[in-house]
Amino acid sequence: MNRSIPIDILRLAAVLLVMLRHLHLCSEQQSASGHAFASMLQCGGWIGVDLFFVLSGFLISSLLFSEHKKYGQISFKRFFIRRGFKIYPSFWLLIFVVVVVSYFQGQPVRWKLVAGELLFIQSYYDGIFAHSWSLAVEEHFYVFLPLLLIVCERYCRHRERIFSLVPWVYLALVVTCLVVRLVTVTFAEFNMTTVMFQSHVRMDSLFFGVVLSYYYHEYPAAFMEFARRHARRLILAGGVLLAPAFWLPQEDSFYIQTLGLAVFSWGSGSLLVGMMGLGLGASWWNRGLAFIGARSYSIYLWHMIAGHGLNRIILKWLGLTDNYPAYLVVYFCAAIGGGIFMAALVEWPMLYLRDRFFPSRSLPTLAGNRPADAPKSSN
């Protein structure tokens, strides 16, 4: 698949939602209405991660399905190497910067937390960052999905539909995850890690993207006809399904902690299919949004450091430390600008090296040896 403007715009929406989650709120004394509005946005911003999960499941499995269709097999070694070039260098640099800054500020470095981040177990144990748990969930998905596809290759009876087990696995997975969440919420004291973060209770979100990808690749004409015919209805439905997150706090809502997590993945998938069918043109505005969305990984990694760290420095320099509108402008500009800068500094060069030495088996070679994750490819 070539790079998709609608999907990159959805990536931008996802990372903006996450940034809203990590907003600092203005006080009610400054503005009661502003505080209430920002609180609502902060309450629901976490669903940006669910949108990322569905997008990742769709795009990663699309690469594997395309490779299998082209070669009749999947090189999982190449898959893991290419994922490593995408994920690790930027994340390792973030950890390194935080450790170095902590050392020079005289703060103790908690090496157990560093080890947890490096081993991608922060979805089960405390990590350095508030948002890196989702990277662990995706890392575990990168192991689970290839194993499942290997089973499909070896044991599927219908060779013309070799991955026909995928929808059935999803049904089993979504029921299992729901049961586990129900048991956890019912019999254990609420804990964000056990209910919201752990990989085994969130894998259904990623796998819903895999199901959509399966139907997209197995029945492309019917899939896109459905997407085009119902695009606006799907986008509206997706918004409706996601909306409860903005007024139901995670900590207090039985619905969100159980069925809601599955519903939010369906809402995210509805947005994805609807955007694919919408047929957005390559206008300068859409290309600009897609340009930022294509760098969502680096923005996601660095938004808290850039958004809040630079914010304090810039607002203090401008003498606007108590000006909330100025805080919002600087927060979003610093987070997005910092992420774009780090993508240019680390992410794209590593992807260039990746595609030079380990070219994709599912994407066509791009002009000028541009990396397959650069703005003219998919993921």
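Just so you know, these numbers come straight off a predicted model, no measurement behind them.

Caption draft 1: Region of the structure containing the overall build of the chain. Broken down by element type, the chain carries 15 helices and zero strands. Its C-alpha atoms give the chain a radius of gyration of 21 Å, near enough to 21 Å, the size a compact globule of 379 residues would have. A total of 379 residues make up the chain; the buried ones form 54% of that total. For the chain, the proportion of contacts with a sequence separation of at least 24, taken over those separated by at least 6, is 77%. Accessible area of the chain: about 18,000 Å², with a carbon and sulfur share of 67%.

Caption draft 2: Spotlight on the side chain of serine 132. Along the chain, serine 132 falls in the loop between α5 (111-118) and α6 (133-155). Serine 132 has contacts with Phe91, Glu117 and Gln122, leaving out every residue within four places of it along the chain.

Caption draft 3: Expanded view of the pattern of salt bridges. One pass over the structure, following the stated rule, counts eight salt bridges. A salt bridge links arginine 229 to glutamate 225; the shortest N-O distance between them is 3.0 Å. Remark: glutamate 225 and arginine 229 occur in helix α10 (residues 220-229); sequence separation between them is four residues, near one turn of the helix. Classification of glutamate 225 by relative accessible area gives partly exposed; the value is 37%. Between arginine 354 and aspartate 355 there is a salt bridge, with its nearest N and O atoms 3.2 Å apart. Residue classification places aspartate 355 among the buried positions, given a relative accessible area of 15%.

Caption draft 4: Molecular detail of the nonpolar core. Of all hydrophobic cores here, the largest spans 103 residues; its most connected members are Phe91, Phe141, Phe163, Phe207 and Leu272. At twelve residues, the largest contribution of residues to this core is made by helix α3 (residues 47-71). Look past the residues within four positions of phenylalanine 163 in its chain and what remains in contact with it is Phe65, His68, Ile74, Leu149, Cys152, Glu153 and Tyr214.

Analysis parameters
Residues numbered from 1 in each chain as written. Predicted model: local features only at pLDDT ≥ 70, side-chain atom pairs only at ≥ 80, totals over all residues. Heavy atoms only, no water. Helix = DSSP H or I, 4+ residues; strand = E, 2+ residues; numbered from the N terminus. Rg over C-alpha atoms; globule rule 2.2 N^0.38 Å. Buried < 20%, exposed > 50% of the residue type's maximum accessible area, 1.4 Å probe, protein only. Contact = heavy atoms within 4.5 Å. Areas by Shrake-Rupley, 256 points an atom, 1.4 Å probe, with all protein chains shown as cover. Salt bridge = Lys/Arg side-chain N within 4 Å of Asp/Glu carboxyl O. Core = buried A, V, L, I, M, F, W, Y, C linked by side-chain atoms within 4.5 Å.

Geometric values such as these leave the question of function open.
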